[in-house]
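Fold and contact review
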Amino acid sequence: MDYSQFGAMLPELIVLGIFLIVFLFDTFSGEGAKKALPSLTTILFALGTVAIWIVPASAEPVFGGMYVNTPACNAIKAILNVGVFIVFLQSVKWVDSESMKIRRGEFYELLLVTLFGMYLMVSARHFLLFIIGLESASLPLAALVAFNKKEYESHEAAIKYIMTAVFSSAILLCGLSFVYAFSGGSLYFSDIAVALSIGETSGLLLVAIAFVLAGLGFKLSLVPFHLWTADVYEGAPTSITSYLSVVSKGAAAFAFFIIFTQCFGAVYSDAWEWMLYAVIIATITVGNLFAMRQKNMKRFMAFSSISQAGYLMLGAVADSSLGLGSMMFYIFVYIVSNLGAFAVIQTIEYQTGKLNMDDYNGLHKTNPWLSFAMTLAMFSLAGIPPFAGFFSKFLIFTSVTGTGSMALYMLVLIALINTIISLYYYLLVVKAIWISGDAPKIESFRSDGASRAALWISVAGIVFFGLVPYIYQYCIDSVMASQDSILSAILPLFVG
Amino acid sequence: MDLSILWYLVPSVIMFVCGVYGFVTRKNLIAMLISLELMLNSADLNFVVFNRFLFPGSMEGMVFTLFSIAIAAAETAIAIAIIINIYRAIGNTDVREINKLKH
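Residues numbered from 1 in each chain as written. Chains lettered and ligands numbered in written order. Predicted model: local features only at pLDDT ≥ 70, side-chain atom pairs only at ≥ 80, totals over all residues. Heavy atoms only, no water.

1. Topic: empty space enclosed by the protein
Residues and elements named next belong to chain A. Convention followed: Residues are called lining when one of their atoms sits within 4 Å of a cavity or pocket point, these points coming from a 1 Å grid over the protein atoms alone, where a cavity is a set in which a 1.4 Å probe fits but cannot get out and a pocket is an open set with protein on both sides within 12 Å along at least five of seven lines. Grid points are joined across faces, edges and corners, and a volume is the space filled by probe spheres set on the points. Helix and strand definitions here come from DSSP, where helices need a minimum of 4 consecutive H or I residues and strands a minimum of 2 consecutive E residues; each element is numbered from the N-terminal end. Classes in brief: Ala, Val, Leu, Ile, Met, Phe, Trp, Tyr, Cys and Pro nonpolar; Asp, Glu, Lys and Arg charged; the others, Gly included, polar.
Applying the stated criterion to the full structure yields three cavities of 30 Å³ or more. Taken as a whole, the largest cavity spans an internal volume of roughly 160 Å³. Listed by contribution, the elements that provide at least two residues to the lining of the largest cavity are helix 4 (104–123), helix 5 (127–145), helix 6 (152–182), helix 8 (203–220) and helix 10 (238–263). Of the residues that constitute the lining of the largest cavity, the class distribution is twelve nonpolar, four polar and one charged. As a volume, the second largest cavity reaches approximately 50 Å³. What lines the second largest cavity is Gln 308, Tyr 330, Val 333, Tyr 334, Ser 337, Ser 380, Leu 381, Gly 389, Ser 392 and Lys 393. Considering every element that reaches the lining of the second largest cavity, the biggest residue donor is helix 13 (residues 321–352), with four residues. Taken together, the residues of the lining of the second largest cavity break down into four nonpolar, five polar and one charged.

In structure tokens, the structure reads:
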């Protein structure tokens, strides 16, 4: 075996290296030294992120084509890393709290392992590696959801999460077994695509694709498969909720795109085009309608993230490199916007224990900076023009309408109407903070340095990502540079 | 007697449906977990059967099954750990009593 192949897996090696350092440090250092663990991990992780941004990806498929780190894969990993870095900053206060002291190492270790799994999901070009990545991303997450050992809600959320996760992976595996029957004896994405383009579309193939869609839809919390989301988001520790809502979702969306275009691209219009339309419409609408009546901020963010997942999936029906680029940009903007909102929710929860929307009434009188950041995050999530959220929605809509089909125009129209509905509930938060005349329920406080840094990064992202074209250009360029390797398998099929 | 592929696929489908039915109707977390195992095993059986009958030249389905069994074991381990936590918190493993998070 050629061990130089491991050189192509640079991002994975970096994350595994950080994991090993944290693990050894956590195991062998003394009580006093353990205090340095959060800053050590965060700094190492920041360095690793910079390395992934800077070192160019080698687009050579390795391990017999099972793994490939194209520029697009590398870019999405770098984007996810930014999200994880912000999550690390946000969680410092929680990790340093009294009840967390003896297991702060485990938090970082489990988080890094899930990130490693997501990297594999993104880079896998064979279903075996993909499933291993998917499971190593979702199983440690269940342990993380159950992390607040003293609180019952955390356990309830964890049992709901693990049961639905296993159920969905059973469905996914069953779907894959039927796909295997059509694949000509190979589980490589490219081989399956070739086998499907030759064969005829049968009912069993439809069932298989529907099962795969359902299995991945659970991870992304698309609408008929979203029922776990609100409960898990509410019960999990808030740092984990923010991780679940952005990083895990971003990785799953990218993997979804790769699998459906590379593997099933040949049967797009026969098999899964209409399925995906229905799922997208249901996701956006149901997410919006349920978000309106939420009073708990974490549940509110859960339904908001469901409807955002619907917008993300729009990139997948655009089935072009523009769609993938817009989707990556959307993920990046969504990461900063959502983490900005979560930074505020977390800071307030850890300082005062308050989580309800009513508690935010009159927040601007006591905590103007937090109110300001929350308002920007809400504006960005709703897609109000000068902020990044507007540009990400705009670009994803353009990439979808670019194909010119009437059905896609209707889809975008429905998404647009839903954007207006979503304004209502995002502005409810803004109204509670700025307009509601009640006496403020939250004392004025000064948040810790790390979460303030996280908040500043998020706010800077919200304000500048839309205005600075570099980020979008980076996403599109990386997709274009991967053209030969990522999309070549399907592009001829789309044309033909 | 010549066994055709249907002799394997029909039991596999029955296992899968039983698993789904059990997952939906059982009230005990352990029973739900057993139902999930049924579903996973049905997928594994499918892989092996398709490999044996359709593509006897290669081994990919069999290898996939081995990995899938290992993953199922890991899933069960984590689920059981969480169920034990639930048991410590509320004294039983009845899903009807795990209902605090809903609005």
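There's plenty left to go through after this.
2. What about the interface of chain A and chain B?
Convention followed: A contact between two residues is defined here by any heavy atoms of the two lying within 4.5 Å. Accessible area that two parts lose when put together, with a 1.4 Å probe and added across both, is what the buried area reports. Salt bridges are counted wherever a side-chain nitrogen of Lys or Arg sits within 4 Å of a carboxyl oxygen of Asp or Glu.
At the interface, 41 residues of chain A touch 42 residues of chain B. Across the chain A to chain B interface the summed buried area is about 3800 Å²; carbon plus sulfur atoms make up 78%. Contact with chain B buries surface across chain A, with Tyr152(A), Met163(A) and Tyr180(A) losing the most and accounting together for 19% of the total. Remark: the boundary between chain A and chain B carries zero salt bridges.

3. Regarding the confidence of the model for chain A
The predicted coordinates ought not to be read in detail in places where the model reports low pLDDT. Convention followed: Residue-level confidence of the predictor is summarised by pLDDT, bounded by 0 at the bottom and 100 at the top.
Summing up the model confidence of chain A, the mean pLDDT is 88 and the portion of residues at 70 or higher is 97%. Long-range and interchain partners of residues 484–496 of chain A, a stretch whose pLDDT sits below 50, account for 21 contacts in this model, where long-range means more than four residues apart.

4. Regarding a nonpolar patch on the surface
What counts is decided by this rule: Patches were defined on residues exceeding 30% relative accessible area and lacking a salt bridge, with like-charge contacts within 9 Å and nonpolar side-chain contacts (Val, Leu, Ile, Met, Phe, Trp, Tyr) within 5 Å. Each accessible area value is a Shrake-Rupley result obtained with a 1.4 Å probe; residue values ignore everything except the protein chains displayed when judging cover.
Residues Trp369(A), Phe372(A), Trp434(A), Ile435(A) and Trp456(A) make up a contiguous nonpolar surface patch of roughly 640 Å² in combined accessible area. Inspection of the secondary structure puts Trp434(A) in helix 17 (residues 406–434).

5. Focus: the nonpolar core
All names here are of chain A. The following threshold applies: For this analysis, a nonpolar core means a set of buried residues of the types Ala, Val, Leu, Ile, Met, Phe, Trp, Tyr and Cys, connected via side-chain atoms within 4.5 Å. Accessible area is worked out with a 1.4 Å probe on protein chains only. A residue is then buried under 20% of its type maximum, exposed over 50%, and partly exposed in between.
Within the largest apolar cluster, 219 residues are counted, with the highest numbers of intra-cluster contacts made by Phe 130 and Phe 264. Ranked by the residues each element gives to this core, the list is headed by helix 6, at 19 residues. The residues touching Phe 130, leaving out its near neighbours within four places in the chain, are Met 121, Ala 124, Leu 172, Leu 216, Ala 255 and Ile 259.

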